[in-house]
Amino acid sequence: MEFCFLRCLLYVVLTAWTSGDDGQVTFVSELSSKPAQKLSKYGWYGNVRLQRFHIPEETAIARWLFSVTKGHNFNCGQHNVTIHIRWGAPPVINPTGLLFPNATLWSPSLSLILPVTSHSSTTFNLSSPAPGDWYIGAHLPEDDGRIEQKGFPSCSYFFQPQLSIRRAVDTPILQQGTLLQQTAAPDRPARLKLYIPEFASSLFVSVADCSSEDGADVGNCSLVLRLGSFTPQHSPATVNCSGISCSAALSHPPWDTWLRVVVESDHNHTVTFSIVSNFTVGCKPKSVGLTADDDINKLRGNSSHSNSTSAGNSTVDTDAVGFGNKSAALLTPLLASACVWSFPVLYEEVDILSLRFTPVNGPNVSVSNTHPSLLTYPLHTQATGGTLNLQLTLNTTNVTLSNSSSVVACLSPWAPVLELNNSQPCRTALFGGYGVSVNVSTPKAVVRLPFPQSTTWYLTLQLTCNSSDCGNTSVVSVVPEVSVSACVEDCGTYGECRLLRSYSYLYAACVCKAGWSGWGCTDDSSAQSFLRQVTATLLLTLSNLSFLPAIVVAVRRCYITEASVYLFTMFFSTFYHACDQPGVAVMCIMDYDTLQYCDFLGSVCAIWVTILCMARIRDTFKYTLFMLGALLIAMSMQLDRKGLWNLLGPVLCAILFMVSAWVYRGVRRRHCYPPSWQRWVLYLIPGALCALIGVCLYIFAETEDNYFYTHSLWHILVASCVVFLLPPKEKNREALGWSRGWSWTWTWSWRPRVCGYTLCESSKDELYTVT
């Protein structure tokens, strides 16, 4: 009912938006919604419920509605739901304050806290949002480590985000050097857009000829000029205009994109003004021409590894000249209008969330002190779920570099920084970059960016010296290695990189083990020691030896089938827990999934055959139920082996058979069954208590910290209850389960009766015939 009300409210608001028209642009509204998802407590990034929304170009206002609903009527108290919002890539979060791997750089995303009791909702409004993909992540507070059994009732919360936007469909375009007359009202700002081409180095937007409609404040531009869009991490460039005119300048504006321009009235009156834009494109690389045959030949040579390029020896490209056998070689002369050397880069898709970028001319890139060297790395949406890795290595094989000289590099999105020195920040007009440097003392630098934004990334390199002249060394060689991997260093020794999916979007994260934590499983603040890992392995494996008494008792009482099930359970439970350990004390004799399946199957089958054995039904019916139950249990384990009813279902059915058989015998004999009070006091009640305590430990008491000894105690209690609950040997039953067969005195008197057929001995022919 509450969801219906919220949807109706959104519909009314959007209808009002659509019907409104400010006389300059036309707005339309759009609404998108995602299905509700069950929230989880945060333990690793896989517990985050990630949703992706797309905001189109020219969106004026975006409004998110976040709703959280409790999924049951339990009194779970108040919980805080944390919502993270990021533009361009999934949010990188650290709610528990753990350490990140070395050289891993990240910026926090926008976070909202939503208290929830039964149902809560909140809205988030954003004016002039950046176009593209927006990612919403939500989770409950930190996991307390309690292991919840699947299917058991627990507190659950469902999160559903909805997005409504107001988009302009006829935004005026601000052409280069063309004056445009516009009007800005207090509640109706002027909205424009302009296109910035590639290799633009600066942008200027000027406002002039301001006048009010009421004639007041003639020549006074009480306006606010904004260039760019809003994101949770970045804001547009803002200039407060006053006087006759004003202007805004952007150095290193974003390349090959549309830029939003918004002019707002700063007073309660309508202002008419003129606006013009100009940009300079003074930095272009040397043209490579229209012939593509050379590039194809380079690709063939790269793929077949026929190009014997080594450090300090690379081939000559149309854009740049590499090193020869000399200690330093001059780069090809630049054109008069050129100020940068652009190196072509080969884009290779290796695997899912695995990309490799390689310079076409070989691994070495020539870097000069006069002009920067530029490499371009386009990242599509499919690559934003991984980690962008940059490793910069200075090659000093053929060049001697002074201690005062260094190679400065800047990795920036949307546009490069083409003026590099030790004092120049690695930042463009609207977006920040990541700067590194290498020199003789530090010849290698590494930068890792988890969940990079979907855009074109630029790497700019330049040789800098403390003095204006670098001496004899004006060109050096650098090896830039840029790639996209699923996780940071494959999550290290104590982590596992897992591929996650949110509908069609793929991303990866590390799940840590043995107490290690952090984004790349490098935080050892709560790591388990080697002694604790060995202790946990020994407890979980050796505790299964408690099934040996149960096997001996079953064999002594001629329950051979039951004993074989206990042996199967003991074997696979032992080696499953030896393979399931999170640390280094691990031993797997076969595939992990096979071991887990056999362990779960054997455990449930052991309980099934034990309770049916207690029922004391005829062998024909008992073994039929054994086989039928084993087949059904195997099927249910394949469907959902961790479901609670996969354990409770067979147990309840077996108890129903046992109670029915006991009641039937009690009614026929007019006496309680089993008739002996010693059997109840010394065997049945202790066995039932062991089973009850074990089930309570298994369902309610297990946590990640105490798992190795509570689960070991579960093994011991289950095996002990089997010893207590197995019924005594039947009076007419002999060894090995035959009605007539081998005796313990090993006398050769084989006269078995099997399944209604009698094996008869012919004294005349001394042959066995079936009658």
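Criteria and cut-off values
- Residues numbered from 1 in each chain as written.
- Predicted model: local features only at pLDDT ≥ 70, side-chain atom pairs only at ≥ 80, totals over all residues.
- Heavy atoms only, no water.
- Phe/Tyr/Trp six-rings, centres within 6.5 Å; stacked < 30°, edge-to-face > 60°.
- Helix = DSSP H or I, 4+ residues; strand = E, 2+ residues; numbered from the N terminus.
- Lys NZ or Arg CZ within 6 Å of the ring centre and 35° of its normal.
- Disulfide = S-S within 2.5 Å.
- Buried < 20%, exposed > 50% of the residue type's maximum accessible area, 1.4 Å probe, protein only.
- Salt bridge = Lys/Arg side-chain N within 4 Å of Asp/Glu carboxyl O.
- Pairing = 2+ DSSP bridges.
- Axes fitted to C-alpha atoms, helices over the stretch in contact; angles between N-to-C directions.
- Polar contact = N/O pair within 3.5 Å; in protein donor to acceptor, adjacent residues only side chain to side chain.
- Contact = heavy atoms within 4.5 Å.
- Parallel < 35°, antiparallel > 145°, perpendicular 65-115°, else oblique.
- Left-handed = near helix turned anticlockwise from the far one by under 90°.
- Nonpolar A, V, L, I, M, F, W, Y, C, P; charged D, E, K, R; others polar.
- Bend = angle between axes of the 7 residues up to and from the residue.

Observations concerning the packing of aromatic side chains
Applying the stated rule across the entire model yields 31 aromatic pairs. Here the aromatic rings of Phe66 and Phe159 are separated by 6.0 Å at their centres, their planes lie at 25°, and the arrangement is stacked. Taken together, the positions of Phe66 in strand E5 (residues 59-70) and Phe159 in strand E10 (residues 157-168) put the pair 93 residues apart, joining distant regions of the chain. On the basis of an interplanar angle of 40° and a centroid distance of 5.8 Å, the ring pair of Tyr576 and Tyr592 is categorised as tilted. Taken as a pair, Tyr576 in helix H5 (residues 560-579) and Tyr592 in helix H6 (residues 592-615) lie far apart in primary sequence, 16 residues in all. Among the aromatic residues, those joined into a cluster by ring pairs are Tyr45, Phe100, Trp106, Tyr135, Phe451, Tyr505, Tyr507 and Trp519. Across the ring face of Tyr503, the terminal group of Lys34 is positioned such that the distance to the ring centre comes to 5.8 Å. Here Arg679 stacks its cationic end above the ring of Tyr683, 4.9 Å away from the centre of that ring.

Let's talk about the state of the cysteines
Disulfides are covalent bonds that link the sulfur atoms of two cysteine residues. Applying the stated criterion to the full structure yields six disulfides. In this model, Cys487 is linked to Cys497 through a disulfide, with the two sulfur atoms separated by 2.1 Å. Judged by the torsion about the S-S bond (75°), the Cys487/Cys497 disulfide is right-handed. One end of the pair, Cys487, is in the loop between strand E29 (475-485) and strand E30 (495-502); the other, Cys497, is in strand E30, and 10 residues separate them in sequence. According to the relative accessible area criterion, Cys487 is buried, its value standing at 6%. The disulfide bridge from Cys579 ends at Cys588, spanning 1.9 Å between sulfur atoms. Judged by the sign of its S-S torsion, about 90°, the bond between Cys579 and Cys588 is right-handed. Given the relative accessible area of 8%, Cys579 is considered buried. Judged by its relative accessible area of 43%, Cys588 falls in the partly exposed class.

What about the pattern of salt bridges?
Scanning the model with the defined rule gives nine salt bridges in all. Across the pair Lys193 and Glu58 runs a salt bridge whose closest N-O atoms are separated by 2.4 Å. Of this pair, Lys193 sits in strand E12 (residues 190-196) while Glu58 sits in the loop between strand E4 (49-55) and E5; the two residues are 135 residues apart in sequence, bridging distant segments of the chain. Taken individually, Lys193 and Glu58 each receive the classification buried, so the pair is uniform in this respect. Residues Glu348 and Arg356 are paired through a salt bridge, measuring 3.3 Å at the closest nitrogen-oxygen approach. With relative accessibility at 40%, the residue Arg356 sits in the partly exposed group.

Things to note about the sheet that holds strand E26 (residues 434-438)
Within a sheet, each strand pairs with its neighbour through backbone hydrogen bonds, oriented either parallel or antiparallel. The five strands are arranged E19-E23-E28-E25-E26 in an open sheet whose pairing can be described as mixed. Each end of this open sheet is capped by a strand with a single partner; those strands are strand E19 (341-343) and E26. Strand-to-strand twist in this sheet, taken as the mean axis angle between neighbours without regard to direction, amounts to 25°. Note: strand E23 (residues 373-378) against strand E28 (residues 456-465), six bridges, orientation antiparallel. Considered in E28, the bridge of Pro378 is made with Thr456.

Here we look at the side chain of Thr171
Residue position: Thr171 is located in the loop between E10 and strand E11 (180-184). In this structure the side chain of Thr171 is engaged in a polar contact, spanning 3.0 Å, whose partner is the side chain of Glu58. Beyond its immediate stretch of four places on either side in the chain, Thr171 contacts Val25, Glu58, Arg191, Leu192 and Lys193.

Brief notes about the pairing of strand E9 (residues 132-142)
The buried count for E9 comes to nine of 11 residues, which makes it a mostly enclosed element. Across two bridges, strand E3 (residues 41-42) lies against E9 in parallel orientation. Across the sheet, Lys41 pairs through a bridge with Leu140, a residue of E9. Examined bridge by bridge, E4 and E9 share seven bridges and lie antiparallel to one another. Paired with Gln51 across the two strands is Ile136, which belongs to E9. Relative to E9, strand E6 (residues 79-87) is paired through six bridges, and the arrangement is antiparallel. Residue pairing in the sheet places His84 in a bridge with Gly137 of E9.

So, unusual backbone geometry
Following Tyr673, the chain continues into Pro674 via a peptide bond in cis, with omega recorded as -5°. Take Pro674: it is sitting in the loop between helix H8 (645-669) and helix H9 (677-701).

Description of the packing of helix H4 (residues 547-556) against helix H10 (residues 707-725)
Packing of H4 against H10 leaves a shortest axis separation of 8 Å and a crossing angle of 15°. Between H4 and H10, the angle is such that the two are roughly parallel. When you trace H4 past H10, the crossing you get is left-handed. Between H4 and H10, the contacting residues are Phe547, Pro549, Ala550 and Val553 on the first element and His715, Val718, Ala719, Val722 and Val723 on the second. For the contact of H4 with H10, a count of residues per class yields eight nonpolar, one polar and no charged.

Details of the sheet that holds E11
Ordered by their spatial adjacency, four strands build an open sheet running E11-E18-E13-E16, and the pairing between neighbours is antiparallel. Taken across any chain shown, the strands that pair with only one partner, and hence form the sheet edges, are E11 and strand E16 (246-251). The sheet shows a mean angle of 25° between the axes of neighbouring strands, direction not considered. Pairing geometry for strand E13 (residues 202-212) and strand E18 (residues 271-280), over nine bridges, is antiparallel. The residue bridging Ser211 from the neighbouring strand is Thr272, located in E18.

Thoughts on H9
Residues separated by three or four positions in an α-helix point in the same direction, a consequence of the helix having 3.6 residues per turn. Maximal helix bending in H9 amounts to about 30°, located at Leu684; proline Pro686 follows within four positions. At its buried positions, H9 is contacted by H6, H8 and H10.

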